[in-house]
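Survey of secondary and tertiary structure
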Amino acid sequence: MNIYIGNLPYTISEDELRELFAAHGEVKSASIIMDRDSGRSKGFGFVEMPDKAQGESAISALNESNVQGRNVRVNEARPRPDRGPR
């Protein structure tokens, strides 16, 4: 299950994000999306959990929770829309 996490603190690391979700089950991967130009976090990321039940449990537990002073938004990631040719 791919999970979207929004409103992340700009200072959180991928390891910290992984630890946050590991309390709710196995984490396959954790990534924070970075700005190409500045190299800073864009304030959102994704966590992949192989077990759907554990993923749903993590979403329920962490949505609107306080992480380093910010209330994060956590939900199942939607597929990226096809942006067509550039």
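Details of the structure are given in the entry above.
Residues numbered from 1 in each chain as written. Predicted model: local features only at pLDDT ≥ 70, side-chain atom pairs only at ≥ 80, totals over all residues. Heavy atoms only, no water.

**Digging into the sheet that holds strand β1 (residues 2-6)**
Reading across the sheet, the 4 strands line up as β2-β3-β1-β6 and stay open at both edges, with antiparallel pairing between neighbours. Of all the strands in the sheet, the pair left with one neighbour each is β2 (29-34) and β6 (73-76). Between one strand and the next, the sheet's axes are offset by a mean angle of 20°, whatever the strand orientation. Direction of pairing for β2 relative to strand β3 (residues 41-48): antiparallel, over a ladder of 5 bridges. Bridging from a neighbouring strand, Ser-31 pairs with Phe-46 of β3. Lying on the sheet, helix α1 (residues 14-22) is in contact with β1, β2, β3 and β6; it crosses β2 at an angle near 135°. Strand contacts of helix α2 (residues 52-62): β1 and β6, with the helix running at about 155° to β6, the strand carrying the most contacts. (Pairing = 2+ DSSP bridges. Helix = DSSP H or I, 4+ residues; strand = E, 2+ residues; numbered from the N terminus. Axes fitted to C-alpha atoms, helices over the stretch in contact; angles between N-to-C directions. Contact = heavy atoms within 4.5 Å.)

**With respect to a positive patch on the surface**
Taken together, the side chains of Arg-36, Lys-42, Arg-80, Arg-83 and Arg-86 present a region of like positive charge at the surface. Mapped onto the elements of the fold, Arg-36 is located in the loop between β2 and β3. Taking the relative accessible area as the measure of exposure, Arg-36 reaches 82% and is therefore exposed. (Patch = residues over 30% accessible without salt bridge, like charges linked within 9 Å, V, L, I, M, F, W, Y side chains within 5 Å. Areas by Shrake-Rupley, 256 points an atom, 1.4 Å probe, with all protein chains shown as cover. Salt bridge = Lys/Arg side-chain N within 4 Å of Asp/Glu carboxyl O. Lys, Arg positive; Asp, Glu negative; His and termini not counted. Charge placed at Lys NZ, Arg CZ, Asp CG, Glu CD. Buried < 20%, exposed > 50% of the residue type's maximum accessible area, 1.4 Å probe, protein only.)

**Structural notes on the packing of aromatic side chains**
Taken as a whole, this structure holds 3 aromatic pairs when the rule is applied. Between Phe-44 and Phe-46 the ring centres are 6.1 Å apart and the planes differ by 85°, which places this aromatic pair in the edge-to-face class. Chaining the aromatic ring pairs together yields one cluster made of Tyr-4, Phe-44 and Phe-46. In this arrangement the basic side chain of Arg-40 is found over the ring face of Tyr-10, its NZ or CZ atom lying 5.4 Å from the centre. (Phe/Tyr/Trp six-rings, centres within 6.5 Å; stacked < 30°, edge-to-face > 60°. Lys NZ or Arg CZ within 6 Å of the ring centre and 35° of its normal.)

**Regarding unusual backbone geometry**
For residues besides glycine, phi is generally negative; the peptide bonds are generally trans as well. The backbone of Asn-7 shows a phi angle near 65°, a positive value even though the residue is not glycine. Within the secondary structure, Asn-7 is located in the loop between β1 and α1. Even without glycine at this site, Gln-68 takes up a positive phi of about 50°. Within the element layout of this structure, Gln-68 appears in the loop between β4 (66-67) and β5 (70-71).

**Some points on the pairing of β3**
As judged from the 5 bridges shared by β1 and β3, these two strands associate in the antiparallel manner. Counterpart to Ile-5 in the pairing with β3 is Gly-45. A loop of 6 residues connects β2 with β3, the two strands running antiparallel in sequence, and Gly-39 in this loop sits at a positive phi of about 80°.

**Points about the environment of Asp-35**
Summarising the element assignment, Asp-35 is placed in the loop between β2 and β3. Separated by 24 residues in the primary sequence, Asp-35 and Ile-59 have C-alpha atoms spaced 25 Å apart. The residues contacting Asp-35, other than those within four sequence positions of it, are Arg-40 and Lys-42.

Distances and angles like these do not, on their own, reveal function.
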